[in-house]
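Listed here are the chains, written in short residue letters.
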Amino acid sequence: MKQSKQQQPVGKVVPFTGEFYPVPDPEPTPAENNTAAYLVMLAAALVAGLSIGAISTYQSTDQVQLRQMKADQAQLQDVKTQVCRQ
């Protein structure tokens, strides 16, 4: 006849006290967390690249000169309206 093995409890028994401590199951690491992390990193890199590009475009010499010319034009228009009224 076949004898069935006794099923041993899954855990750890401390030898001196005889207390039983169950061994925790290892938590599975889902693959989607890695994918989500990569997507967040990709989005952050894209935003950083766009912001650096916008800053460099705003501070370029052509843009600074254009803004200065627009300010001068507005100031000249104000002077022109004041002179023409008199």
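Criteria and thresholds
In this convention, every chain numbers its residues from 1, walking through the sequence in written order. Confidence filtering applies because this is a predicted model: local features only for residues at pLDDT of at least 70, side-chain atom pairs given and counted only at 80 or more, and all residues used for totals across whole chains, interfaces and linings. Each side-chain value is derived from all of the structure's non-hydrogen atoms; neither hydrogens nor water enter the calculation. Helix numbering and strand numbering both begin at the N terminus, where a helix is a DSSP run of H or I of at least 4 residues and a strand a DSSP run of E of at least 2. Throughout this description, buried means an accessible area under 20% of the type-specific maximum (1.4 Å probe, protein chains only), exposed means over 50%, and partly exposed covers the range between. Each residue carries a pLDDT value, the predictor's own confidence for that position, ranging from 0 to 100. Within 6.5 Å between ring centres, the rings of Phe, Tyr and Trp (the latter by its six-membered ring) count as paired, and their orientation is classed by plane angle as stacked under 30 degrees, edge-to-face over 60, tilted in between. A positively charged side chain is recorded as over a ring if its NZ (Lys) or CZ (Arg) lies within 6 Å of the ring centre. The angle to the ring normal must also be within 35 degrees. In protein, a polar contact means a hydrogen-donor-capable atom and an acceptor-capable atom, both N or O and within 3.5 Å, with residues adjacent in sequence counting only if both atoms are side-chain atoms; elsewhere, any N or O pair within 3.5 Å suffices.

S.K.: Which residues make up the overall build of the protein, and what are the values?
M.R.: Helix and strand counts for the protein stand at 2 helices and 2 strands. Taken from N to C terminus, the helices and strands of the protein fall in the order β-β-α-α. Expressed as a percentage of its 86 residues, the buried residues of the protein come to 0%.

S.K.: Which residues make up the confidence of the model for the protein, and what values do they have?
M.R.: Of all residues in the protein, 67% attain a pLDDT of 70 or more, and the chain-wide mean is 80. Confidence, read as mean pLDDT per element, is least for strand S1 (residues 12-13) in the protein (62) and greatest for helix H2 (residues 61-85) (93).

S.K.: Can you lay out the packing of aromatic side chains for me, pointing to particular residues and giving the numbers?
M.R.: This model, assessed by the stated rule, comprises 0 aromatic pairs. Looking at Arg67, its charged tip hangs above the ring of Tyr58, at a distance of 3.9 Å from the centre.

S.K.: Quick one: what's the story with the environment of Thr81, residue by residue and with numbers?
M.R.: Structurally, the position occupied by Thr81 is in helix H2. One polar contact links the side chain of Thr81 to the main-chain carbonyl oxygen of Asp78, over a distance of 2.8 Å.

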